[in-house]
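The residues making up each chain are set out below.
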Amino acid sequence: MAVDPGQAANAVTNAVLLKHASSITAESVMKANPIGVSAGVYNYTSADQLITLAQTNGIEVRGHALLWHQTSPAWFFEGDTTAPGYKATVRARLETYITDVVTHFKGKVYAWDVVNEATSDDASGNYRNSQWYQIFGPDYIEIAFRAARAADPTVQLFINDYGTEDTAKLGRFMAIVDTMLARGVPIDGIGHQLHINSTWPPVANVKAAFVAAETRSLINHVTELDVSLYTTDSGSCYSSPPTGCQAAFVAGTVAYSDALRAQALQYRAMFNLFQEHASVKSVTMWGVADNSTWLSTFPTARLNHPLLFDTAGNPKSAFWAVVDVGFTP
């Protein structure tokens, strides 16, 4: 389960977390922002709180994420971009940051999402045109992985992305992976976020993503699983401001009950698939219970109960569909 210190202390989510989670991922507090205050200055306070919680309760920790374009502090890129030594300076900052952070958590996490969301969302190219890519091209991925491996020779290193259930994006993603593997970059596994909904994707699409990793002798982790109740949002729903979003469900209505049933069936289908693939070594829910989920406000503010436990921390039909083969949603 993904959790931050506030959720870990919340009465509802704390009880669910301690009973059901064998692994936790820091939802935000182990990202470069807020850990990287400035070059060589770190704030580990919140992340260390989660580590203590995990160690006290026999829970393992996945590290997330060393390099993500959305949480890369501005100080990484400070300086005259036209200066001859600019690129080397930024590289040194990145290598130092990864070395220091991985060393701090060495022996406390079993895996790191080293690079997060590096793949383009469209056919314009394989790589997301992030500031990292603009400076280094594909090399920044190799730099990050090699620094992480040097800092901790035993931790598992993952490249993580969303949309691997989309055939076209999977192709671009695996082309990046193949490039890195050909260079000898120490990638141990693929992280599939799986922010999905109750009717998409088909099981076959997710299976294809797992097989793509397996054919390259890589581990699969499901890193950010949730199942939205909403299935008909238009592309413009993800614009600012959002338009064309499916109307909000109303709790207690037949439509809402039907949506929860469809969600339960999708969860069952996905977990059945996970069980079929020995390469899937970890499955992480992106949240603990429905009282705290990013999908309450993204892509628009509305009721969305995407997890296995309801707002009171009680198991939903989705939970029973996963753990009880005889349960009928």
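Above this text is the structure in question.
Our subject in this report is the structure included herewith. (Residues numbered from 1 in each chain as written. Predicted model: local features only at pLDDT ≥ 70, side-chain atom pairs only at ≥ 80, totals over all residues. Heavy atoms only, no water.)

**A look at the state of the cysteines**
We count it as follows: Criterion for a disulfide: a pair of cysteine sulfur atoms within 2.5 Å. The buried label goes to any residue with under 20% of its type's maximum accessible area, the exposed label to any with over 50%, and the partly exposed label to all in between, with areas taken from a 1.4 Å probe on protein chains only.
One pass over the structure, following the stated rule, counts 1 disulfide. Cysteine 237 shares a disulfide with cysteine 245; S-S distance 2.0 Å. Judged by the torsion about the S-S bond (105 degrees), the cysteine 237/cysteine 245 disulfide is right-handed. Judged by its relative accessible area of 0%, cysteine 237 falls in the buried class. Note on cysteine 245: relative accessible area 25%, which makes it partly exposed.

**A word on the pattern of salt bridges**
Cut-off, in case you're wondering: Should a side-chain nitrogen of Lys or Arg be within 4 Å of a carboxyl oxygen of Asp or Glu, the pair is scored as a salt bridge. In DSSP terms, a helix is any run of H or I states spanning at least four residues, a strand is any run of E spanning at least two, and both are numbered starting from the N terminus.
Scanning the entire structure with this criterion turns up 12 salt bridges. With a closest N to O distance of 3.0 Å, glutamate 95 and arginine 91 form a salt bridge. Placement of the pair is glutamate 95 and arginine 91 together in helix H5 (residues 86-104), with a separation of 4 residues, close to one helical turn. Aspartate 290 serves as the salt-bridge partner of lysine 316, at 2.8 Å between the closest nitrogen and oxygen. On the criterion of sequence distance, the pair formed by lysine 316 in the loop between strand E11 (280-285) and helix H11 (317-323) and aspartate 290 in the loop between E11 and H11 is long-range, its members being 26 residues apart.

**Quick look at the layout of surface pockets**
Space left empty within the atom packing is revealed by a probe, the size of a water molecule, rolled over the atoms. Threshold: In this analysis a 1.4 Å probe is tested at points of a 1 Å grid over the protein atoms alone, and where it fits but cannot get out there is a cavity; an open set with protein on both sides within 12 Å along at least five of seven lines is a pocket; lining residues have an atom within 4 Å of a point. Grid points are joined across faces, edges and corners, and a volume is the space filled by probe spheres set on the points. Under this grouping Gly is polar, as are all residues other than the nonpolar Ala, Val, Leu, Ile, Met, Phe, Trp, Tyr, Cys and Pro and the charged Asp, Glu, Lys and Arg.
As a volume, the largest pocket reaches approximately 980 Å³. Tyr162, His195, Tyr238, Trp294 and Phe298 are, among the 35 residues lining the largest pocket, the residues nearest its centre. Secondary structure elements with two or more residues in the lining of the largest pocket: strand E5 (60-68), helix H8 (167-182), strand E9 (195-197) and strand E10 (219-228). Looking at side-chain class alone, the lining of the largest pocket contains 11 nonpolar, 11 polar and 13 charged residues. Considering only enclosed or pocket space, the second largest pocket measures out at about 340 Å³ in volume. What lines the second largest pocket is a set of 18 residues, and nearest its centre among them are Met1, His20, Ala21, Ser22 and Val283. Only E11 and H11 provide two or more residues apiece to the lining of the second largest pocket. Sort the elements by how many residues they give to the lining of the second largest pocket and E11 lands first, with 5 residues. A per-class count over the lining of the second largest pocket returns 11 nonpolar, 5 polar and 2 charged.

**Some points on the nonpolar core**
Spelled out, the test is: Nonpolar core, defined: a set of buried Ala, Val, Leu, Ile, Met, Phe, Trp, Tyr and Cys residues in which side-chain atoms within 4.5 Å join the residues together. Working rule for contacts: check all heavy atoms of both residues, and any pair within 4.5 Å makes them a contact.
Formed by 89 residues in total, the largest nonpolar core has its most connected members in Phe105, Trp112 and Ile141. No other element matches the 8 residues that helix H7 (residues 139-151) contributes to this core. Among all residues touching tryptophan 112, those that are not within four sequence positions of it are Met30, Gly63, His64, Leu66, Val101, Val102, Phe105, Val155, Gln156, Leu157 and Phe158. Core analysis: the next-biggest nonpolar cluster, separate from the first, contains 5 residues, Leu229, Tyr230, Phe249 and Ala259 among them.

**Re the packing of helix H9 (residues 203-214) against helix H10 (residues 254-276)**
What counts is decided by this rule: Axes, fitted as lines to C-alpha atoms, cover a helix only where it is in contact. Angles between the N-to-C directions of the axes lie from 0 to 180 degrees. Just so you know how the angles are binned, under 35 degrees is roughly parallel, over 145 roughly antiparallel, 65 to 115 roughly perpendicular, and the rest oblique. Crossings are classed by handedness, with left-handed meaning an anticlockwise turn of the near helix from the far one by less than a right angle and right-handed meaning a clockwise turn.
At a minimum axis separation of 10 Å, H9 and H10 run at an interaxial angle of 30 degrees. Taken together, H9 and H10 sit at an angle that is classed as roughly parallel. In terms of crossing hand, the pair formed by H9 and H10 is right-handed. Where H9 abuts H10, its residues Val203, Val206, Lys207 and Phe210 lie against Ala269, Met270, Leu273 and Phe274. Grouping the constituent residues of the contact of H9 with H10 by class yields 7 nonpolar, no polar and 1 charged.

**A look at H7**
As a reminder, the rule being used: Helix span, as expected, comes to 1.5 Å for every residue beyond the first.
Helix length check: H7, at 13 residues, gives a terminal C-alpha distance of 19 Å against a target of 18 Å (1.5 Å per residue), a fit within 8%. If you check which residues of H7 are buried, you get Tyr140, Ile141, Glu142, Ile143, Ala144, Phe145, Ala147, Ala148, Arg149 and Ala151.

**What to know about the environment of alanine 213**
With respect to the secondary-structure elements, alanine 213 resides in helix H9. Remark: the alpha-carbon pair of alanine 213 and glycine 191, spanning 22 residues in sequence, is separated by 9.7 Å. Once residues within four sequence positions are removed from consideration, alanine 213 is found in contact with Met174, Ile190, Leu218 and Asn220.

**Quick notes on empty space enclosed by the protein**
Applying the stated criterion across every chain, the model contains 1 cavity of 30 Å³ or more. Considering only enclosed or pocket space, the largest cavity measures out at about 40 Å³ in volume. Around the largest cavity, the lining residues are Leu67, His69, Val115, Asn116, Glu117, Ala118, Arg128, Ser130 and Tyr140. Residue composition of the lining of the largest cavity, grouped by class: 4 nonpolar, 3 polar and 2 charged.

**Some details on the environment of isoleucine 176**
Structurally, isoleucine 176 can be placed in helix H8. Sequence separation between isoleucine 176 and phenylalanine 136 is 40 residues; the distance between their C-alpha atoms is 14 Å.

**Regarding helix H4 (residues 45-56)**
The condition that has to hold: Directions pointing from the helix axis toward each C-beta atom define the arc.
Helix length check: H4, at 12 residues, gives a terminal C-alpha distance of 16 Å against a target of 16 Å (1.5 Å per residue), a fit within 8%. Turning to H4, its buried residues are Ala47, Leu50, Ile51, Leu53 and Ala54. Seen along its axis, H4 keeps its buried residues to an arc of 160 degrees; they face one direction. Those residues of H4 that are exposed and aimed more than 90 degrees away from the buried face are Gln55 and Thr56. Against the buried residues of H4 lie strand E1 (2-3), helix H1 (5-9), helix H2 (11-20), strand E2 (23-26), helix H3 (32-35) and E5. Looking one or two residues beyond H4, the residue adopting positive phi is glycine 58, at roughly 65 degrees.

Taken by themselves, the reported measurements are silent on function.
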